[in-house]
Amino acid sequence: MQRALPPHWPPPSLPRQGAVRVTVLDRNPRCGKKLLATGNGRCNLDNTGIAPEQYFTADPAALRHLLAAVDAAAPLEWFAALGLYTRTDEAGRVYPYSNQAADVLALLEGHLARLGVEVRTGCTVQTLSQNRSGYTILCGGSPEGPGPRPWRADAVICAMGGNAGPQFGTDGFGTRFAAQCGGKLEPLYPCLTALQTAKPNRSLAGIRAKAAATLLDLDRHCTVAVENGEVQFTDYGLSGICIMQLSGLLAPGRGLKQPAVELDLFPALDEAALAALFAARPPRLAGDSPAEFWLGLVHPKLGRALWAAARLPEMSLHALPPQAWQALARTAKHWRFERLTPCGWKQAQTTGGGLCLNGNGRAVPVPGLPGPLLCGRDAGLRRQLRRVQPPLGFWQRPGGRAQCGKACPAPKAFKPQKETLIPQKGVRSWQTPFVLLFFIR
C-alpha cells in the first residue's frame with residue numbers, strides 16, 4: 001500500500017469529506033503488509049532528491065511531464081497533518097522519526113477510520129470491467145469464505161504493485177490486468193535486487209563493509225556506473241543498497257554481456273597511498289601474522305579473503321617483499337566479482353518493465369479502461385531504491401473532468417474482455433457510490 005489516499009483528496013471538483021464513500025480492497029489479511037517491510041522496517045516515506053534522472057525509464061521526457069504535475073512537498077505535508085514527525089538521512093531518504101514502519105501504518109489506519117473508509121481484506125480481485133454506469137469489480141475471498149462478490153464503483157484507483165516481494169502478497173495482477181485491457185507492456189524482470197556471483201565466498205556471509213562499487217562492462221572495457229555505500233556479502237554473492245542500485249542497470253536489453261562489479265574498500269585513498277599505509281603497518285603491530293595485520297582495518301574474515309585474492313603467502317609480515325603491499329592495495333581497490341546474475345522476485349525491491357508511458361507524459365493510456373488511475377509500479381516505472389513513486393496518470397470520472405482540471409473526452413466504448421460477470425443468485429452486489437481503491441501491495 002503506497003498511500004491510503006492522494007495528498008489532496010478529494011479533488012477540488014468533488015464534494016468534500018462525507019459526500020464520498022471509499023472502499024479499500026486488499027488481498028492480504030491486513031493492509032500495509034509490504035509497507036511494514038520497507039526501509040528494513042523503518043518505512044522510507046519519501047526522498048528529497050526526486051528527479052527524472054533518478055528513475056530507470058525508457059522515456060525520460062514523458063517522466064519529466066509526470067513529475068512536474070506532482071507537488072513534491074505534498075506527501076510529507078500530508079503525513080505531517082496526520083501527526084507524523086520525520087527525519088531525513090544523509091542520502092535524502094525520509095523516515096518517521098521513530099524509525100518504525102508500524103507507526104506509519106497505525107496513523108494511516110486511524111485516518112481511514114476517521115474518514116469512514118471501509119476496508120475489506122482477504123479480497124482477491126479477479127476481473128474489472130467498465131459499463132455506462134461505472135465499473136464492476138469481481139472479487140474472490142478466502143477459500144473458506146463466501147464465493148465471488150461483485151462490487152460497483154464510479155471510479156477506481158489501482159495500486160496493486162508489481163511482481164517483486166511475493167512474500168508480501170503481490171502477484172503481478174496489476175500488469176496482467178493492464179495487458180488484458182489493451183495496455184502496451186514491456187517484459188517484467190526483477191529490479192533493484194541482490195546479485196549472484198560466479199564464485200561466492202560463503203565464509204563472508206553476513207559481513208558488511210563501506211565501499212565504492214563499480215559496475216564494469218568487460219566486453220566493452222568500460223565503466224557503466226559507480227555507487228557508494230554499504231556492501232553486504234551473502235552466501236550467494238553481493239547485496240546492499242549500492243549493489244541493488246547497480247542491479248537496475250542489468251535490465252534486459254541494456255547490452256551488458258559480461259558485467260562485473262569491482263569493490264573499492266578504501267575509497268578515500270588512492271592505490272599508492274594505500275600501499276604505503278599497508279607497508280607501514282608491520283613495525284607498529286605487536287603480532288607478525290597476516291591475521292593480525294587487519295586489526296582495526298576491516299573484518300578479520302574480510303581481511304583473510306583479501307589476502308587470498310591478492311595471492312599472498314601465509315608468512316611473517318616482515319618477510320614479505322615491498323611488491324606484496326602493492327599487490328594487496330591493488331586488490332583492496334579493485335576486488336572484482338564476475339559473471340553476475342540478478343536475484344529473483346523474492347529479493348527484488350521493485351519490478352522492472354511493465355506498462356509503457358505515453359510520450360506526452362500526461363496519462364498512462366489503457367485503451368480498454370480510460371478512466372481508472374494506475375499508479376506506482378502499475379504505471380511501469382521503478383524508482384531507485386527506497387524512494388516513493390508519485391501517482392501516475394490522472395484520476396478521471398467517466399465523462400467528467402480530470403484531477404488536473406482540464407476537460408477530458410468521454411471514454412470510448414469498452415471492449416469486453418474474455419471474462420464476463422455473470423449474475424449469481426444469492427450474491428450481494430456491494431455498492432460503492434464513488435471510488436474503489438485496490439491496495440494489494
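The structure displayed is predicted, hence computed values, not measured ones.

Student: Could you clarify how one ought to interpret the pattern of salt bridges in this entry?
Tutor: Side-chain pairing between opposite charges can occur once the charged atoms of the two side chains come close. Applying the stated criterion to the full structure yields 10 salt bridges. Its salt-bridge partner being D89, residue R93 comes within 3.1 Å of it at the nearest N-O pair. Given the relative accessible area of 13%, R93 is considered buried. Of the charged contacts, one joins R330 and E271 as a salt bridge, the two residues approaching to 3.5 Å between their closest N and O atoms. Highlighted residues: R330 in helix 9 (residues 322-333) and E271 in helix 6 (residues 271-280), separated in sequence by 59 residues. Taken together, the salt bridges that share partners define one network made up of E262, R336 and E338.

Student: Help me understand the side chain of R152 in this model?
Tutor: Within the element layout of this structure, R152 appears in strand 9 (residues 149-159). A distance of 2.7 Å separates a polar atom in the side chain of R152 from the backbone oxygen of S133. Side chain to side chain, R152 and D154 meet in a polar contact 3.0 Å long.

Student: Before we go on, may I ask you to explain the packing of aromatic side chains in this structure?
Tutor: Between two aromatic rings, the relevant description is the distance of the centres plus the angle of the planes. For the coordinates displayed, the defined rule picks out 12 aromatic pairs. When the centroid spacing of 6.3 Å and the interplanar angle of 70° are considered together, the rings of W307 and W325 count as edge-to-face. Of this pair, W307 sits in helix 8 (residues 300-309) while W325 sits in helix 9, placing them 18 residues apart in sequence. According to the relative accessible area criterion, W307 is buried, its value standing at 1%. The buried category is assigned to W325, whose relative accessible area is 5%. Taken together, the ring pairs in this structure connect F266, F278, F293, W294, W307 and W325 into an aromatic cluster. Taking NZ or CZ as reference, R42 lies 4.0 Å from the ring centre of Y95, over its face.

Student: I tried to follow the packing of helix 6 against helix 9 on my own but got confused; where do I start?
Tutor: A pair of packed helices is characterised by two quantities: the angle between their axes and the separation of those axes. Here helix 6 crosses helix 9 at 125°, and the two axes come no closer than 8 Å. It follows from the interaxial angle that helix 6 and helix 9 lie oblique. Handedness of the helix 6/helix 9 crossing: right-handed. Contacts between helix 6 and helix 9 involve E271, L274, A275, F278 and A279 from the former and W325, Q326, L328, A329, R330, A332 and K333 from the latter. Residues of the contact of helix 6 with helix 9, tallied by class, amount to eight nonpolar, one polar and three charged.

Rules used in this analysis
Residues numbered from 1 in each chain as written. Predicted model: local features only at pLDDT ≥ 70, side-chain atom pairs only at ≥ 80, totals over all residues. Heavy atoms only, no water. Salt bridge = Lys/Arg side-chain N within 4 Å of Asp/Glu carboxyl O. Buried < 20%, exposed > 50% of the residue type's maximum accessible area, 1.4 Å probe, protein only. Helix = DSSP H or I, 4+ residues; strand = E, 2+ residues; numbered from the N terminus. Polar contact = N/O pair within 3.5 Å; in protein donor to acceptor, adjacent residues only side chain to side chain. Phe/Tyr/Trp six-rings, centres within 6.5 Å; stacked < 30°, edge-to-face > 60°. Lys NZ or Arg CZ within 6 Å of the ring centre and 35° of its normal. Axes fitted to C-alpha atoms, helices over the stretch in contact; angles between N-to-C directions. Parallel < 35°, antiparallel > 145°, perpendicular 65-115°, else oblique. Left-handed = near helix turned anticlockwise from the far one by under 90°. Contact = heavy atoms within 4.5 Å. Nonpolar A, V, L, I, M, F, W, Y, C, P; charged D, E, K, R; others polar.

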